[in-house]
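The lines below spell out each chain.
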Amino acid sequence: MKTTIKQLLQSTDYNRQAEAKGWVRNRRSSKNVNFITLNDGSTSLNIQIVANENINENILKEINAGACLHVKGTWQASQGAGQAGELVADEIIILGKASPENYPIQPKAHSFEFLRENAHLRSRTTTFGAVFRIRHNLAFAIHQYFHQKGFYYWHSPIITGSDAEGAGQMFHVSTLPHLNPPLTEDKKVDFSEDFFGMETSLTVSGQLEAELGAMGLGNVYTFGPTFRAENSNTSRHLAEFWMIEPEMAFYELVDNMDLVEDFLKYVIKYALDNCVEDLKILDQKFKEEEEKKKKEERAEMGLLEKLQFVVNNPFERLTYTEAVEILLNSPAHKKKKFQYPVSWGVDLQSEHERYLVEKHFKKPVILNNYPKTIKAFYMKQNEGEEVGKETVRAMDVLFPQIGEIVGGSQREEDYDKLLARIKEVGIDPNNLWWYLDTRKFGTAPHSGFGLGFERLVLFVTGMGNIRDVIPFPRTPKNASF
Ligand code: 4AD
Ligand code: MG
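Just so we're clear, the structure is a prediction, and the values are computed from it rather than from any experiment.

Rules used in this analysis
- Residues numbered from 1 in each chain as written.
- Chains lettered and ligands numbered in written order.
- Predicted model: local features only at pLDDT ≥ 70, side-chain atom pairs only at ≥ 80, totals over all residues.
- Heavy atoms only, no water.
- Buried < 20%, exposed > 50% of the residue type's maximum accessible area, 1.4 Å probe, protein only.
- Helix = DSSP H or I, 4+ residues; strand = E, 2+ residues; numbered from the N terminus.
- Pairing = 2+ DSSP bridges.
- Axes fitted to C-alpha atoms, helices over the stretch in contact; angles between N-to-C directions.
- Parallel < 35°, antiparallel > 145°, perpendicular 65-115°, else oblique.
- Left-handed = near helix turned anticlockwise from the far one by under 90°.
- Contact = heavy atoms within 4.5 Å.
- Nonpolar A, V, L, I, M, F, W, Y, C, P; charged D, E, K, R; others polar.
- Near = heavy atom within 4 Å.
- Polar contact = N/O pair within 3.5 Å; in protein donor to acceptor, adjacent residues only side chain to side chain.
- Areas by Shrake-Rupley, 256 points an atom, 1.4 Å probe, with all protein chains shown as cover.
- Core = buried A, V, L, I, M, F, W, Y, C linked by side-chain atoms within 4.5 Å.
- 1 Å grid on protein atoms, 1.4 Å probe; cavity = no way out; pocket = protein on both sides within 12 Å on 5 of 7 lines; lining within 4 Å.
- Points joined across faces, edges and corners; volume = space filled by probe spheres on them.
- Phe/Tyr/Trp six-rings, centres within 6.5 Å; stacked < 30°, edge-to-face > 60°.
- Salt bridge = Lys/Arg side-chain N within 4 Å of Asp/Glu carboxyl O.

Engineer: So what exactly am I meant to see when it comes to the pairing of strand S11 (residues 240-249) here?
Structural biologist: Within a regular beta strand, the side chains point alternately toward one face of the sheet and then the other, so they alternate between its two faces. The buried fraction of S11 is high, at eight of 10 residues. Bridge analysis of strand S10 (residues 219-227) against S11 gives nine bridges, and the strand direction is antiparallel. Along S11, the bridge assignment pairs Tyr221 with Pro246. The pairing of S11 with strand S16 (residues 446-452) spans five bridges and is classified as antiparallel. For Ile244, the partnering residue across the bridge sits in S16 and is Leu451.

Engineer: Please explain the packing of helix H6 (residues 253-274) against helix H14 (residues 453-461) as it appears in this structure.
Structural biologist: The geometry of a pair of packed helices is captured by two quantities: the angle between their axes and the separation between those axes. Put simply, H6 and H14 touch, their axes get as near as 11 Å, and they point 50° apart. Relative to H14, the element H6 is oriented oblique. You can see that H6 and H14 cross each other, and the crossing is right-handed. Packed against H6, whose contacting residues are Leu264, Val267, Ile268 and Ala271, the element H14 presents Leu456, Phe459 and Val460 at the interface. Its residues placed into classes, the contact of H6 with H14 shows seven nonpolar, no polar and no charged.

Engineer: What's the story with the sheet that holds S11 in this structure? I'm lost.
Structural biologist: Each strand in a sheet pairs with its neighbour through backbone hydrogen bonds, running either in the same direction (parallel) or in the opposite one (antiparallel). A sheet is described by the order of its strands in space; here eight strands give the open sequence S6-S10-S11-S16-S15-S14-S13-S12, paired in mixed fashion. In this open sheet, the two edge strands, each paired with only one partner strand, are strand S6 (152-153) and strand S12 (316-319). In this sheet, strand S14 (residues 391-399) lies alongside strand S13 (residues 365-371) in antiparallel orientation, the contact comprising six bridges. Residue pairing for S14: Tyr370 is matched across the bridge by Val392.

Engineer: Please explain the site of ligand 1 as it appears in this structure.
Structural biologist: In the vicinity of ligand 1 there are 24 residues, among which Glu165, Gln207, Glu245, Glu404 and Ile405 approach most closely. Within the backbone of Ile405, a nitrogen or oxygen atom sits 2.8 Å from an oxygen atom of ligand 1. One of the backbone nitrogen or oxygen atoms of Phe449 is found 3.4 Å away from a nitrogen atom of ligand 1. Bound to the protein, ligand 1 loses 92% of the 630 Å² it would expose on its own. Sort the elements by how many residues they give to the shell around ligand 1 and strand S15 (residues 403-410) lands first, with five residues. Among the residues making up the shell around ligand 1, the classes are represented as eight nonpolar, eight polar and eight charged.

Engineer: I'm lost on the nonpolar core in this one. Help?
Structural biologist: The nonpolar side chains of a soluble globular protein tend to be buried with one another. Counting 85 residues, the largest nonpolar core has Ile92, Phe263, Leu264, Ile268, Phe399, Leu456 and Val460 as its most contacted members. Not counting residues within four places of it along the chain, the set of residues in contact with Phe399 comprises Leu264, Ile268, Val310, Phe315, Val357, Pro364, Ile405 and Phe459. In terms of nonpolar packing, the next biggest core, distinct from the first, is built from 31 residues, Leu318, Val324, Leu348 and Leu367 among them.

Engineer: So what exactly am I meant to see when it comes to empty space enclosed by the protein here?
Structural biologist: One way to see where empty space is left: roll a probe the size of a water molecule over the atoms. Per the stated rule, a full pass over the model turns up one cavity of 30 Å³ or more. There is about 40 Å³ of room inside the largest cavity. Glu230, Ser232, His237, Leu238, Ala239, Arg474, Thr475 and Pro476 are the residues that line the largest cavity. Among the residues forming the lining of the largest cavity, the class breakdown is three nonpolar, three polar and two charged.

Engineer: Looking at this structure, how should I read the packing of aromatic side chains?
Structural biologist: Aromatic ring pairs are defined here through the distance separating the ring centres and the angle between the ring planes. Tallied over the full model, the rule gives 24 aromatic pairs. Arranged with centres 5.1 Å apart and planes meeting at 65°, the rings of Phe223 and Phe453 form a pair that is edge-to-face. With a gap of 230 residues between them, Phe223 in strand S10 and Phe453 in helix H14 connect regions that are remote in the sequence. Like Phe453, Phe223 is buried.

Engineer: Mind showing me how you'd approach the pattern of salt bridges here?
Structural biologist: Oppositely charged side chains may form a pair once their charged atoms are brought near each other. Under the criterion given, the structure shown has 29 salt bridges. Salt-bridge contacts for Lys287 lead to Asp283; the nearest nitrogen and oxygen are separated by 3.6 Å. Of the two residues, Lys287 and Asp283 both sit in helix H7 (residues 276-291), four residues apart, roughly one turn of that helix. Classification of Lys287 as partly exposed rests on a relative accessible area of 40%. One connected set of salt bridges, linked through shared partners, spans Glu211, Glu247, Arg411 and Arg439.

Here it is, written out as structure tokens:
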């Protein structure tokens, strides 16, 4: 098994033979010595390779940024400042060349846009190495959190015949020929001839199937890819993103809010405790990016400070109705600074959410009890409300710089109310017979939520664009790599 650069850097067992393999970040020469920085992705830190005159000139010529090396030599305490140990090379084997004329990632600052176009190589940069190591750690922390709490990892299907959110923005899955598909008598595509014998799509959410799991296993969670064909070209939307959807039997809305807050704090704290080096790099990067902005647009806290703050302070909880009051009384509304109008019943826009979080409360917010008309059919309806002012037990978690990071609710467990709502929003109940069955046989109060994984990674890394926190982003007109 190989020794990683991370392991070697941690070793103070000097003056012994050691090896390192990795990609060249940089090479500089002074007099008869060449200093090479090598990285293998195991850590953000590079190892310093010292190449003296014993290394053949033809080999040295190939040691350019991006080349892959196998170095054998002596691990020793470093002569220079900047690193504790260094590897003095006896032999350098070039595993893979990278020509300086063509290799895109040169040792200088590249823009995120440029690196996105070179996403196949960007994991070799300091910033993206840090982002993707943190992404891994967050995923691990999520599984750890739920496992410790006795939740079961439940795999909802990716191909589905139902449209969970009722949003209708789905990618179709079909093996029928594009040209001349089989048609029914009334000239519609005949999906009974298709692979699954029905019309199918990529799932927008694993929730409905997670509910089925919770009604037998008690507490479950999904963690898988979800797909939305919405044409939103924003820094917060992807067409393919990963979602974590816990679903809990016998949880009311308040339990759901307690769980989501505890969960988010746990995973953020996990990153603070386990990704120190990478977070420091991103904290510095965050500062540099903020300095490019106008003073009034800059974040009030640095990255690390912001993460500490979220972990250490209670989230603000308030109803949608209270939030609308605050917005209507805000200077931003009075001075007509909002692009979209606010009134009771409208779906809040990201500018409104961010006003509440960043300007008014200055901390994460859990907005709850939204108007029924702007939320999905499955949410539990509140009772005894004025006609036209009906609300459902929904909750959205809003984060600074992100806006909505989580959406969830208590679910409607009453068969008649659920069926009526399904019909009201125009969904064919026959397509949801299996979902309705859970309300027919041993129905139970239950709740759940969905965390957009990339929005969490965006928040924790302080990156500005969701395309930069997933290895290969899928967005409108872009599915390269
Ligand atoms: O609010 P949403 O649409 O809720 C659901 O899908 C529910 N079924 C969740 C549940 O109750 N089990 O999506 C949940 C979260 C959002 O809060 C957001 O963080 C993220 O998923 N999200 C997206 N992330 C990236 N790109 C997109 N296009 C996203 N759409 C939603
Ligand atoms: Mg939502």
